[in-house]
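A closer look at the structure
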Amino acid sequence: MDPIVDLDFIDNRTPEQAAACDTKVTAETNTGKGRKLYIESYGCQMNFSDSEIVSSIMFEQGFDTTADIAQADLVFLNTCSIREKAEQTVRNRLGQINYYKKKKPAMMVGVLGCMAERLKKSLLEEEKIVDLVVGPDAYRDLPNLISEVDGGQKAVNVLLSREETYADINPIRLNSNGVSAYISIMRGCDNMCSFCVVPFTRGRERSRDANSIVREAQALSDQGYKEVTLLGQNVDSYKWASEDGTESVNFAQLLEKVALVDTNMRVRFSTSHPKDITDEVLYTIKKHDNICKYIHLPAQSGNSRVLEIMNRTYDRAWYLNRVDAIRRILGNECGISSDMIAGFCTETEEEHQDTLTLMDYVQYDYSYMFFYSERPGTLAARKLEDDIPLEVKKRRLAEIIEKQRETSLNRNKLDVGRVHKVLVEGFSKKSDEQLSGRNDQNKVVIFDKKHYKKGDYVNVFVHDCSVGTLFGKAID
Ligand code: SAH
Ligand code: SF4
Ligand code: F3S
């Protein structure tokens, strides 16, 4: 099979990085008293973070989590609608889950997240094994919905909210290696990029109470975590004010507050929007050693006309100005990554070339690269024609991937011969004699274990690299 057709989520991540985004939950809570919940997450980090909130709500209802689907009384799929392939993956998975449900007819199956929101009630008709459908803002209603299902009904709640941030819920850290954890700082998106389904599935943008974010960071530090990642679709538009108006916090200020919680705990964040990232944010990153010098700054395209019809609200010159600001303030060492869409509606060959030259200019450390997939209901689906043939989209995507491989290797070569501070996340995939961790720029570094362990900061001299990994030696 053409590998490009098969890979919806193409990137140059190492297996270690990819594993961090695996769909499976491995952590178990086991009181031995409860029914068992098995939860699988698809899509972006927001969904993985939401699954932790869902598990916490269900734990309060007496559900333990299990990593073994065969043991489950309740199966949740936390789903993604971003591309057609993402939805197809979930549909296929529901087919497999049917096998378990046949063996254990009492097993409840719920679809959560973005597909639940997009398809609503129709999911129940299309997928007979589904008992409940719950959108991303309705998780507090899960206990009621479960009791409806217990009573023999099907249950749906896909109401979106303008306020819900789950600020007071203490997530059960399912996706964590005990070293790094996600903190969700905002929900929804107001940007309306023409290709994107997220504003429809996740609703209006809202920022979470800054004090609750700082408290969560403090709790993680107290539990020994060494890294937090602040999550939002557009973190740079974070804006929170206290009800009495005495406190007002923007993203730069929030970053600083979180960085000051524990100077030995790294702070990462994702995603930055090129239209909103300010010099104030960049200077805040510079000021604090524990804020990682790495920015995920999705360009989507290198051509101004395409960016305009994508409704990204910046052009090529603006984007490059932001990249120049990063280089000026944070230097060449700061890691930059991107998302790119190949073959958006009406994109010409020349316009596609502009994406490649933009990549040459920026020298991304890595990128997540996709071909355009029309999503029903979006601005592009309503107003533009999806007129680029699939083979052309795939060829352009292959060229973008090839370019990224080149620049990743260039960038990694610059890291060879230098010492990097690495936070150890665990053993390397290939050997228990080697450890794997990440440097400030989010690159995976592999080195011999010696006496080091998970959660340690280790100075590693890098002597070699591949497209996705740095290899080195710990310096005592
Ligand atoms: N909020 C982030 C992106 C979230 S979606 C941002 O604005 O950058 C993650 C990525 O999926 C997007 O950056 C985009 O590259 C890709 N994507 C979104 N909709 C898509 C579509 N319809 N077809 C192909 N890729 C898409
Ligand atoms: Fe989608 Fe654009 Fe919002 Fe990102 S900023 S989630 S791409 S609408
Ligand atoms: Fe997918 Fe929803 Fe995230 S559509 S990418 S899971 S916000």
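Counting restarts for each chain, with residues numbered from 1 along the sequence as it is written. As a convention, the first chain written is A and the first ligand written is 1, with the rest following in written order. Residues qualify for local features only when their pLDDT is at least 70, as the model is predicted, and side-chain atom pairs are given and counted only at 80 or more; totals for whole chains, interfaces and linings, by contrast, use all residues. To obtain the side-chain values, all non-hydrogen atoms of the structure were included, while hydrogens and water were left out.

By the naming in an unreviewed UniProt entry, the chain goes by tRNA-2-methylthio-N(6)-dimethylallyladenosine synthase and is assigned to Pontibacter diazotrophicus. UniProt positions are given in the numbering used here, feature names are shortened, and annotations may be inferred rather than shown by experiment. Taken from UniProt, the Sequence similarities (unreviewed entry) comment for the chain reads in full: "Belongs to the methylthiotransferase family. MiaB subfamily." Here the chain is described in UniProt, under the heading Subunit (unreviewed entry), as follows: "Monomer."

All right, on to a nonpolar patch on the surface then. A contiguous nonpolar patch, built from Val 419, Phe 461 and Ile 475 and spanning about 230 Å² of accessible area, is present on the exposed surface. Its location among the elements puts Ile 475 in the segment after strand E22 (469-474). What makes a patch is a set of residues exposed beyond 30% relative accessible area and free of salt bridges, joined within 9 Å when like-charged and within 5 Å when nonpolar (Val, Leu, Ile, Met, Phe, Trp, Tyr). Every accessible area reported is derived by Shrake-Rupley at a probe size of 1.4 Å, with residue values counting cover from the shown protein chains alone. Between Lys or Arg on one side and Asp or Glu on the other, a salt bridge is scored when a side-chain nitrogen of the former is within 4 Å of a carboxyl oxygen of the latter. Helix and strand assignments come from DSSP, with helices taken as H or I runs of at least 4 residues and strands as E runs of at least 2, each series counted from the N terminus.

It is worth spelling out the side chain of Arg 206 at this point. Along the polypeptide, Arg 206 turns up in strand E10 (residues 206-207). Given the relative accessible area of 5%, Arg 206 is considered buried. In this structure the side chain of Arg 206 is engaged in a polar contact, spanning 3.0 Å, whose partner is the side chain of Asp 137. The term polar contact refers here to a pair of N or O atoms within 3.5 Å; inside protein, the definition further demands a hydrogen-donor-capable atom paired with an acceptor-capable atom, and it admits residues adjacent in sequence only when both atoms are side-chain atoms. Within the structure, the side chain of Arg 206 is placed 3.4 Å from the backbone oxygen of Ser 161, a separation counted as a polar contact. Between buried and exposed lies partly exposed: a residue is buried under 20% and exposed over 50% of the maximum accessible area for its type, with that area taken using a 1.4 Å probe on protein chains only.

Another point: empty space enclosed by the protein. Both site types are read off a 1 Å grid over the protein atoms alone. A 1.4 Å probe that fits but cannot get out defines a cavity, while an open set with protein on both sides within 12 Å along at least five of seven lines defines a pocket; lining residues have an atom within 4 Å of a point. Grid points are joined across faces, edges and corners, and a volume is the space filled by probe spheres set on the points. All chains considered together, the criterion is met by 2 cavities of 30 Å³ or more. Each pocket or cavity is described by its volume, and for the largest cavity that value is around 70 Å³. What lines the largest cavity is a set of 13 residues, among which Ile 53, Pro 171, Ser 184, Arg 208 and Glu 216 lie closest to the centre. Elements with a minimum of two residues in the lining of the largest cavity: helix H3 (45-60) and strand E8 (180-184). Lys, Arg, Asp and Glu make up the charged group, whereas Ala, Val, Leu, Ile, Met, Phe, Trp, Tyr, Cys and Pro make up the nonpolar group; the residues left over, Gly among them, are polar. Across the lining of the largest cavity, the residue classes tally to 6 nonpolar, 3 polar and 4 charged. Start and end points for every domain follow an automatic or database-based domain assignment. Split by domain, the residues of the lining of the largest cavity number at least three in each of domain 1 (9-157) and domain 2 (180-414).

The rule for a residue being near a molecule or strand is that one of its heavy atoms must lie within 4 Å of it. Taken together, the neighbourhood of ligand 2 is formed by Cys 189, Asn 191, Met 192, Cys 193, Phe 195, Cys 196, Val 198, Pro 199, Gln 233, His 273 and Arg 312. Across the shell around ligand 2, the residue classes tally to 7 nonpolar, 3 polar and 1 charged.

Right, let's talk about the UniProt feature "binding site: [4Fe-4S] cluster 1" (unreviewed entry) in the chain for a bit. Summarizing the sequence annotation, UniProt attributes the feature "binding site: [4Fe-4S] cluster 1" (unreviewed entry) to Cys 44, Cys 80 and Cys 114 in the numbering used throughout. Their sequence span is 71 residues, while the largest C-alpha to C-alpha distance among them is just 10.5 Å; these annotated residues converge on one region. Mapped onto the fold, Cys 80 is located in the loop between strand E4 (74-79) and helix H4 (84-103). You can call Cys 80 buried: its relative accessible area is 10%. Only heavy atoms enter the contact rule, under which two residues are in contact if any of them lie within 4.5 Å. Residues in contact with Cys 80, not counting those within four places in the same chain, are Tyr 42, Gly 43, Asn 47, Ala 86, Glu 87, Cys 114 and Met 115.

Take the site of ligand 1 next. Phe 195, Gln 233, Gln 300, Asp 339 and Ser 373 are the nearest of the 15 residues found near ligand 1. Here an oxygen atom of ligand 1 sits 3.1 Å away from a polar atom, N or O, in the side chain of Arg 83. Protein chains bury 90% of the 540 Å² of accessible surface belonging to ligand 1 in isolation. Taken together, the elements giving at least two residues each to the shell around ligand 1 come down to strand E16 (335-342) and strand E17 (366-371). The residue inventory of the shell around ligand 1, partitioned by class, reads 7 nonpolar, 4 polar and 4 charged.

All right, on to the pattern of salt bridges then. The final tally for this structure, using the stated rule, is 39 salt bridges. Its salt-bridge partner being Arg 35, residue Asp 150 comes within 2.9 Å of it at the nearest N-O pair. With Asp 150 in helix H7 (residues 142-150) and Arg 35 in strand E2 (residues 35-41), the pair connects residues that are 115 residues apart, well separated along the chain. Arg 140 is the salt-bridge partner of Asp 168, the closest N and O atoms lying 2.8 Å from each other. Remark: Arg 140 occurs in the loop between strand E6 (132-134) and H7 and Asp 168 occurs in the loop between strand E7 (155-157) and E8; sequence separation between them is 28 residues. For Asp 168, a relative accessible area of 58% translates into the label exposed.

Time to look at the pairing of E16. Burial of E16 is extensive: 8 of the 8 residues sit out of reach of the surface. The pairing of strand E15 (residues 294-296) with E16 spans 3 bridges and is classified as parallel. Bridge pairing in E16 places Ile 295 opposite Ile 336. Pairing of E16 with E17, which is carried by 6 bridges, proceeds in the parallel orientation. Paired with Ser 337 across the two strands is Tyr 366, which belongs to E17. Strands pair, by our definition, only if DSSP identifies at least two bridges between them.

What follows is about the environment of Phe 461. In this fold, Phe 461 is placed in strand E21 (residues 457-465). Relative accessible area serves as the criterion here: at 33%, Phe 461 is assigned to the partly exposed category. Between the alpha carbons of Phe 461 and Arg 418 there is a distance of 5.7 Å; along the sequence they are 43 residues apart. Leave out the neighbours within four places in its chain, and Phe 461 touches Gly 417, Arg 418, Val 419, Phe 471, Gly 472, Lys 473 and Ile 475.

What follows covers the sheet that holds E21. Sheet architecture is closed into a barrel: 5 strands sit in the order E18-E19-E20-E22-E21, paired in mixed fashion. Here the strands of the sheet are splayed against their neighbours by 50° on average, with no regard to which way each runs. As paired strands, strand E20 (residues 444-448) and E22 are joined by 4 bridges and run parallel to one another. Within E22, the position partnered with Val 445 by the bridge is Leu 470. To get an axis, a line is fitted to the C-alpha atoms, and for a helix only the part in contact is used. The angle between two axes follows their N-to-C directions and goes from 0 to 180 degrees. Those strands touched by helix H16 (residues 390-415) are strand E18 (419-427), E21 and E22, and its axis lies near 120° from that of E21.

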